[in-house]
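Listed below, chain by chain, are the residues.
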2 protein chains.
Amino acid sequence: MKNVICCRCVKCGREYAPAPDITTCGCGGILDVIYDYDYIKTKLTRETLRRRDEMTMWRYRELLPIEEATVPRGLRVGMSPLYEAPRIARELGIRALYIKDDGVNPTASLKDRASAMAVTKACEAGYDTIACSSTGNAASSLAGNAAQAGLNTYIFVPSRAPKGKIAQLMMFGAHLTAVDGTYEETFSLSKAAIDKYGWYNRNAAINPYLSEGKKTVAHEILEQLRFQAPDYVAVSVGDGCTVAGVYKGLYDMYMVGLTDKIPRIISVQALGCCPINTAVLSGAPWQPQAENTYADSIAVGVPRNPDKAINAIRDSGGVCVNVTDDEIREAQRYLAKTAGVFGEPAGVTATAGLMKLSRAGRLPEDAVIVSIVTGNGLKDIESAIQAVGEPIHCRNDLSEFEEKFGL
Amino acid sequence: MKNVICCRCVKCGREYAPAPDITTCGCGGILDVIYDYDYIKTKLTRETLRRRDEMTMWRYRELLPIEEATVPRGLRVGMSPLYEAPRIARELGIRALYIKDDGVNPTASLKDRASAMAVTKACEAGYDTIACSSTGNAASSLAGNAAQAGLNTYIFVPSRAPKGKIAQLMMFGAHLTAVDGTYEETFSLSKAAIDKYGWYNRNAAINPYLSEGKKTVAHEILEQLRFQAPDYVAVSVGDGCTVAGVYKGLYDMYMVGLTDKIPRIISVQALGCCPINTAVLSGAPWQPQAENTYADSIAVGVPRNPDKAINAIRDSGGVCVNVTDDEIREAQRYLAKTAGVFGEPAGVTATAGLMKLSRAGRLPEDAVIVSIVTGNGLKDIESAIQAVGEPIHCRNDLSEFEEKFGL
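The rules behind these values
Residues numbered from 1 in each chain as written. Chains lettered and ligands numbered in written order. Predicted model: local features only at pLDDT ≥ 70, side-chain atom pairs only at ≥ 80, totals over all residues. Helix = DSSP H or I, 4+ residues; strand = E, 2+ residues; numbered from the N terminus. Rg over C-alpha atoms; globule rule 2.2 N^0.38 Å. Buried ≥ 20, exposed ≤ 12 C-beta atoms within 10 Å, placed from the backbone. Contact = placed C-beta atoms within 7 Å. Pairing = 2+ DSSP bridges. Axes fitted to C-alpha atoms, helices over the stretch in contact; angles between N-to-C directions. Least-squares fit on C-alpha atoms with pLDDT ≥ 70 in both. Parallel < 35°, antiparallel > 145°, perpendicular 65-115°, else oblique. Left-handed = near helix turned anticlockwise from the far one by under 90°. Nonpolar A, V, L, I, M, F, W, Y, C, P; charged D, E, K, R; others polar.

## Brief notes about the overall build of chain A
Phase 1: Counting its regular elements, chain A contains 16 helices and 14 strands.
Phase 2: What you see for chain A is a C-alpha radius of gyration of 21 Å, in line with the 22 Å of a compact globule of 407 residues.
Phase 3: Based on the C-alpha atoms only, the size of chain A along its principal axes is roughly 70 × 50 × 45 Å.
Phase 4: Each of the 407 residues in chain A was classed as buried or not, and the buried ones make up 59%.
Phase 5: Long-range contacts, defined here as pairs at least 24 residues apart, represent 71% of the contacts in chain A between residues at least 6 apart.

Printed below as a string of structure tokens:
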């Protein structure tokens, strides 16, 4: 890979050759992929992008850690829509708001970007089986992308995982193990099996390539805005991998000269589970927290990627805000009703954060902001039912209908 | 519209000027939009398409019934992926199979194509409110696309409609009426209200523009295949609007000289509800049938668009095949596991038909076939749970795990 210099530990700075199946540093720290931006600059320009037909996350392959000869594997991921939302911008009192709807990815979440990368790297390294432990979007996106690529998957979930998510995983043909025990026990069994059988490990906590896949969401946002970087990018934050990826993508584009500034990150967590924001705001090391939020995809009390996430928020001059579950439900309804984008609870949390900052008078009037929707509302219909209540009932009687709707 | 000659009744042949809010013919027949292909040929060529940046269903606007000055409204619909599926092709014993995954549209079904068209035509005609009666994908796609465009919607569903679909509709801010009564009563109330209040009518049974939106799925397939028309296109068939649209798109591309043949339609219905295939196979007029299938989106015993659908299948030299619910479930698992595409039951019915035809030795060895997946499996998680059964349970014990998976 001419574009990659090394993988560097974010904790101790030790450097490693970028093997396709490299995991964490000897010190336990997660690795960051370091690029040769001077070299990439000569290959990736506005002009080359304009002439490029590839309309997927692989459009930015000079900024991705894959070999020149590698054919990307998995589903067709990325190039999700960026909608301008003028009515919401007016309501928030800002110059412009854009909604990046990553819920229209093939398995309906941003995690497809990481899983397509994992599948591609596993094929590069010659593996035929990938494994992970997760109950959520990471697992289903891995199962779907691996199915398309013809790879086997072993996926470990706690047996309490929602039935719908289990059904989706089984549909994709994953070798699914429902572990009768806690998440810790689930992870422990997956680790024992991965260590013994040597499967490729798709685990955002240890695989440095996953956030490199996720960062393409930021590349796309910047190109969709014709390389005019917005002032802020709002992201919901759980284990920290997504926000770290978003920042990396923004940083990439600045470093190769495609944009002239790095937007500030708005990091939004659930008030009931906000270890990363708490650490950034206090300046103290992060501490585990309880997981008191219904937004399951960001209910992460022990984040897997706290270092990269905290660095990303700080380095961008970021803003932290925590929202209640009711504020998330309100944002879910508001975004669907006003922009036609139906996100899952964690998917709309970034927008909930913007609504809260606006009420507190903390959004500048001239701000241009992008809010990322990380997952589709169809992933969690039960929560949607709770958020909207009951419909109006009516007999086949026009007068009754008119009365009930005040017509 | 320089590209449109008129709207012509498919029953009596009477012609009408293409007003944006025109409905059915005086004789009750549905109208077909008639194009000036000689004119369009001069504007729409492989060269113009190659230079065109628009990557949505509006890419083919010379073939769409909108005014030259109209700015399309609604969500970002279309340009869904076309996956080659070599492993499935081998299994079916054909040369090549392609899967068109229309479940990744913004509200997760092909119906977004019709709803984006409806919203655009309603805006063209100056309406601010659209209405329809439906329980399924048509309603949710209308609600989502109208929300994005800032239009009001009145949607009528029978009160027995699934809670998840009701939640999605309410999320998009539709004025939703749950009618305590049959579907006939629901339709009747909607008709009374639409007639009285003059809302724009998004009803595939009466609005001639909706299948013009749907046909873009066929335009895309042909361009994605570099204008090499496949031998067959397989479609699941319910009320007939989608298959009519698919045929129209294939016909369009042939008439403007972008392809050199019209593929044969493979019309797949559920064995428990197959009035259109029965009519085509018998040559007799269609008769209402019971709705005995779990594939709700195609459980249409009284199809709304039988004439256009029957003509489409016949004119293409089409093939009809009916499949059982078990065959649909099998196709759903097979497609997800082998191609990474998770479709709803009606969404995978076309593929179920191909599997059945293959077993009967009715697919030529050299055939190139496209199968359209019309909706996302996340729309109907309950059915998915029924289709996959229970996962393997295991304690945190490597030996137990190995034993259960035969490792």
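## Quick look at the sheet that holds strand 7 (residues 152-158) of chain A
Phase 1: Spatially, the five strands line up as an open sheet ordered 9(A)-6(A)-7(A)-8(A)-14(B), and their pairing is parallel. Of all the strands in the sheet, the pair left with one neighbour each is strand 9 (200-201) of chain A together with strand 14 (392-394) of chain B.
Phase 2: Bridge count between strand 7 of chain A and strand 8 (residues 175-179) of chain A: five bridges; the pairing is parallel. Bridge assignment links P158 of chain A to a residue of strand 8 of chain A, and that residue is V179 of chain A.
Phase 3: Taken strand by strand, helix 6 (residues 163-171) of chain A contacts strand 7 and strand 8 of chain A, and its axis lies near 150° from that of strand 8 of chain A.
Phase 4: On the sheet, helix 16 (residues 398-405) of chain B packs against strand 8 of chain A together with strand 14 of chain B and is oriented at approximately 160° with respect to strand 14 of chain B.

## Points about the sheet that holds strand 12 (residues 319-323) of chain A
Think of a sheet as strands paired side by side through backbone hydrogen bonds, with each pair either parallel or antiparallel.
All names here are of chain A.
Phase 1: One open sheet accounts for six strands, arranged 4-5-13-10-11-12; its pairing is mixed. A single partner strand is all that each edge strand has here, and the edge strands are strand 4 (82-84) and strand 12. Going across the sheet, the axis of each strand differs from the next one's by a mean of 25°, ignoring polarity.
Phase 2: Note: strand 5 (residues 96-101) against strand 13 (residues 368-373), six bridges, orientation parallel. In the sheet register, K100 faces strand 13, and the bridge partner there is I372.
Phase 3: Contacts from helix 10 (residues 241-255) reach strand 10 (232-236), strand 11 (264-270) and strand 13, with the element oriented near 160° to strand 10.

## Topic: the environment of R50 of chain A
Phase 1: Within the fold, R50 of chain A resides in helix 2 (residues 46-50).
Phase 2: A C-alpha to C-alpha distance of 9.8 Å links R50 of chain A and E223 of chain A, two positions 173 residues apart in sequence.

## Some words on unusual backbone geometry
Phase 1: Phi is positive for R226 of chain A, which is not a glycine, with a value near 55°.
Phase 2: Phi at M79 of chain B takes a positive value of approximately 50°, unusual for a residue other than glycine.
Phase 3: Tracing the backbone through its elements, the reader meets M79 of chain B in the loop between helix 2 (46-50) and strand 4 (82-84).

## Let's talk about the relation of the copies chain A and chain B
Phase 1: Of the transformation superimposing chain A on chain B, the axial component is 0.0 Å and the angular component is 180°, with the fit at an RMSD of 0.0 Å. What the rotation and shift describe, once combined, is the action of a two-fold rotation axis.
Phase 2: A shared binding surface is used by both copies, with 100% of the interface residues of chain A retained as interface residues in chain B.

## Considering the packing of helix 11 (residues 275-282) of chain B against helix 12 (residues 306-315) of chain B
Residue and element names in this part refer to chain B.
Phase 1: In the contact formed by helix 11 and helix 12, the axes pass within 10 Å of each other and the chain directions differ by 50°. As far as their axial angle goes, helix 12 and helix 11 are oblique. For the pair helix 11 and helix 12, the sense of crossing is right-handed. On the side of helix 11, the interface is formed by I276, A279 and V280, while helix 12 contributes P306, A309, I310, I313 and R314.
Phase 2: Classifying every residue of the contact of helix 11 with helix 12 gives seven nonpolar, no polar and one charged.

## A look at the environment of C274 of chain B
Residues and elements named next belong to chain B.
Phase 1: By the element assignment, C274 lies in the loop between strand 11 (264-270) and helix 11.
Phase 2: We classify C274 as buried; it has 24 C-beta atoms within 10 Å.
Phase 3: A sequence separation of 27 residues divides C274 from G301, and the C-alpha atoms of the two residues are 7.4 Å apart.
Phase 4: Ignoring anything within four residues of it in the chain, the contact list for C274 reads Q269, Q289 and N322.

## Thoughts on helix 6 of chain A
Phase 1: Within helix 6 of chain A, seven of the nine residues are buried, which leaves it mostly tucked inside the rest of the structure.
Phase 2: Within the span of helix 6 of chain A, buried status applies to K165, I166, A167, Q168, L169, M170 and M171 of chain A.
Phase 3: Considering only its buried residues, helix 6 of chain A is in contact with helix 5 (137-149), strand 7 and strand 8 of chain A together with helix 13 (325-339) and helix 15 (381-388) of chain B.
Phase 4: Positive phi shows up at G173 of chain A, right after helix 6 of chain A, with a value of about 80°.

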